[in-house]
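Below, each chain spelled out in residue letters.
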Amino acid sequence: MASSHTFWRDLENSPVGTQIPWSQVLDQIQFNEQGLITAVAQQADTGEVLMLAWMNRESLEITLREGRACYWSRSRQQLWRKGESSGQVQWLKSIKLDCDGDALLLQVDQLGPACHTGRKSCFYFDLNSEQLEVTSAPLIDPKDLYQA
């Protein structure tokens, strides 16, 4: 099997429609030293970036198999199916892998807010050279998202 670098390099010149079996691709994905890969979740119909999370090999396989976003929680050190405690599930529409196999883009249908703050997106701070500005309010009170 070709090195991972060669694998992705060879695909750069592949024609549209080229298909590679999943079993060959999985071993070429560039997980970091902790066995994780960056995963950006985007609302499929609007293109809004919702959140950034991490996936390991198992969570990626679960996501593809179940059609529901599953991530690796670094803080809890366990698998985390988005919405398992809040009910704010991400249903998978597609997954894209970047050109060198080290980042994922999940296009999802997000039910309710994606952010633990109750906002639709985790990206609600705008930065410029002078200040940070909060650009959206919570859709749901965070206390209501995580009732024990």
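This text goes with the structure placed above it.
The paragraphs below set out a description of the structure included in this document. Since we're looking at a predicted model, the values are computed, not measured. (Residues numbered from 1 in each chain as written. Predicted model: local features only at pLDDT ≥ 70, side-chain atom pairs only at ≥ 80, totals over all residues. Heavy atoms only, no water.)

## Concerning the layout of surface pockets
To keep it simple, the criterion reads: We place a 1 Å grid over just the protein atoms. Points where a 1.4 Å probe fits but has no way out form a cavity, open points with protein on both sides within 12 Å along at least 5 of 7 lines form a pocket, and any residue with an atom within 4 Å of a point lines it. Grid points are joined across faces, edges and corners, and a volume is the space filled by probe spheres set on the points. The helix and strand labels rest on DSSP assignments: H or I over at least four residues marks a helix, E over at least two residues marks a strand, and numbering proceeds from the N terminus. Three categories are distinguished: nonpolar for Ala, Val, Leu, Ile, Met, Phe, Trp, Tyr, Cys and Pro, charged for Asp, Glu, Lys and Arg, and polar for the others, with Gly belonging to the last.
Here the largest pocket is characterised by a volume of approximately 420 Å³. In terms of lining, the largest pocket is formed by 20 residues, of which the most central are Met51, Leu52, Ala53, Trp80 and His116. Elements that contribute at least two residues to the lining of the largest pocket include exactly β2 (49-55) and β3 (70-73). In terms of residue count, β2 provides more of the lining of the largest pocket than any other element does, four residues in total. A volume near 360 Å³ is recorded for the second largest pocket. Taken together, 16 residues form the lining of the second largest pocket, with Trp8, Val25, Ile95, Lys96 and Leu97 sitting closest to its centre. Counting only elements with at least two residues in the lining of the second largest pocket, the list comes to α1 (4-11), α2 (22-26), α3 (57-66) and β5 (90-97). When its residues are assigned to classes, the lining of the second largest pocket shows 13 nonpolar, no polar and three charged.

## Some remarks on the pairing of strand β4 (residues 78-81)
Inclusion rule: Between any two strands, at least two bridges found by DSSP are needed for them to pair.
Strand direction decides the pairing type here: β3 and β4, joined by four bridges, are antiparallel. Each residue of the ladder has a partner; that of Cys70, found in β4, is Arg81.

## Some points on α1
Stated formally: Residue burial is assigned from relative accessible area. The probe radius is 1.4 Å, only protein chains are included, and a residue is buried under 20% of its type maximum, exposed over 50%, and partly exposed in between. The arc under discussion is defined with respect to the helix axis, by the directions toward the C-beta atoms. A contact between two residues is defined here by any heavy atoms of the two lying within 4.5 Å.
Among the residues of α1, those classed as buried are Ser4, Phe7 and Trp8. Buried residues of α1, seen end-on, are gathered within an arc of 90° and therefore sit on one face of the element. Next to the buried residues of α1 lie α2 and β5.

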